[in-house]
Amino acid sequence: MLRLILCGRCGYVVGMTEKDWRGRLAERVADAVRRYRKERGMSAQALADACAEIGYEIPRTVIANLENGRRASVEIADLLVLAKALKVPPIALLMPVGVAGSIEVLPGQEVSVWDAVTWFTAEVPLSEDPPEGTIEAKLYEFRLHAQVLSAARKAVEFADGTRRTLSMVRDPEQRAINVEMQEKLDDYARHQLTDLRAQRNAMRKDGLVPPALPEDLAYVDFHVDEKGDIYPLV
C-alpha cells in the first residue's frame, strides 16, 4: 500500500516511496563518507576540520548525524565539500563503484552502477558520435579536448627533454643521430599542437568556450603574423 505524506520541503503530498528513496540515497552517501573517512584514518572531527579549511563548515555533529542515519537528505554543497575533504570525486559519494553491482538510481529504478555513472556524467564512448546539439555532444567535445591537450603536453615535454639531453652530447656522430631524432620529435610535437589548436577552434565554431590552457601552452591560442605581431584567436 502506498502511503501519502506531506513533504515539509515542498508542501506537496508525496508518495512514501519517494521519501524512502531520498532516505536511501542519503544512506548511500553516508556509507561512502564513513568508508572513505575510515580508509584515511580520519575521525569525524578531523573531517569537519578539513571541511572548514576548504572554506565551508560542516560540523562534526552534522557528519555524525549523516553517518548514523539521522539525516534524511544531503545538500549538494555538503556533498561537494565532503568529497574534496576526503580527496575523492563527488561521484564516488553517490555511486558505489566497485562496492555494489547495481543501484537504485531513481525511485524504483534499479540499474547497474556503471550505467548509473555513465548517465550521471553524460558519458559517450569516443567510438560513437553523440546526437548533435545535445549536452552529451558538448561534453564529448570537452573530453576530446582533454585527450588532445594531454597528448600535446606529453609531446612537447618529451621533445624539450631530449633537446636538453642533446645539448650534452659531444660525439659528432652521435650528435648527428640525435639531431635527426630531435627534428622528428619537434615535428611530432608541432602536429600535436596543431591538433590542439584545431580542436579549440572547432569548439569555438560550435559556440563553446574551450577550457583555459596551462600557461606553458597559452601560445596555442595566439597567431603570429608575418610582421611578428601577435593576435589572440577568438
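Please read these numbers as outputs of a predicted model, since none were measured by experiment. (Residues numbered from 1 in each chain as written. Predicted model: local features only at pLDDT ≥ 70, side-chain atom pairs only at ≥ 80, totals over all residues. Heavy atoms only, no water.)

### With respect to the overall build of the protein
Scanning the protein from N- to C-terminus turns up eight helices and six strands. Starting at the N terminus and walking to the C terminus, you meet the elements of the protein as β-β-α-α-α-α-α-β-β-α-α-α-β-β. The buried share of the protein, reckoned over its 234 residues, is 33%. Across the protein, contacts joining residues at least 24 apart in sequence account for 44% of those joining residues at least 6 apart. A total accessible area of about 15300 Å² is found for the protein, and carbon and sulfur atoms account for 56% of it. (Helix = DSSP H or I, 4+ residues; strand = E, 2+ residues; numbered from the N terminus. Buried < 20%, exposed > 50% of the residue type's maximum accessible area, 1.4 Å probe, protein only. Contact = heavy atoms within 4.5 Å. Areas by Shrake-Rupley, 256 points an atom, 1.4 Å probe, with all protein chains shown as cover.)

### A few points about the pairing of strand 3 (residues 102-106)
The side chains of a regular strand alternate, first on one face of the sheet and then on the other. Examined bridge by bridge, strand 3 and strand 4 (residues 109-112) share four bridges and lie antiparallel to one another. Each bridged residue has a counterpart across the sheet, and for Leu106 the counterpart in strand 4 is Gln109. Linking strand 3 to strand 4, which pair antiparallel, is a turn of two residues; within it Gly108 sits at a positive phi near 75°. (Pairing = 2+ DSSP bridges.)

### Here we look at the side chain of Gln182
Structurally, Gln182 is set in helix 8 (residues 172-205). Of the residues examined, Gln182 reaches a relative accessible area of 7% and is grouped as buried. With residues up to four places along the chain from it excluded, the contact list for Gln182 reads Ala159, Thr162, Arg163 and Leu166.

### Description of the packing of aromatic side chains
Within the structure shown, the criterion is met by zero aromatic pairs. When the ring centre of Tyr36 is taken as reference, the NZ or CZ atom of Arg35 above it lies at 5.1 Å. (Phe/Tyr/Trp six-rings, centres within 6.5 Å; stacked < 30°, edge-to-face > 60°. Lys NZ or Arg CZ within 6 Å of the ring centre and 35° of its normal.)

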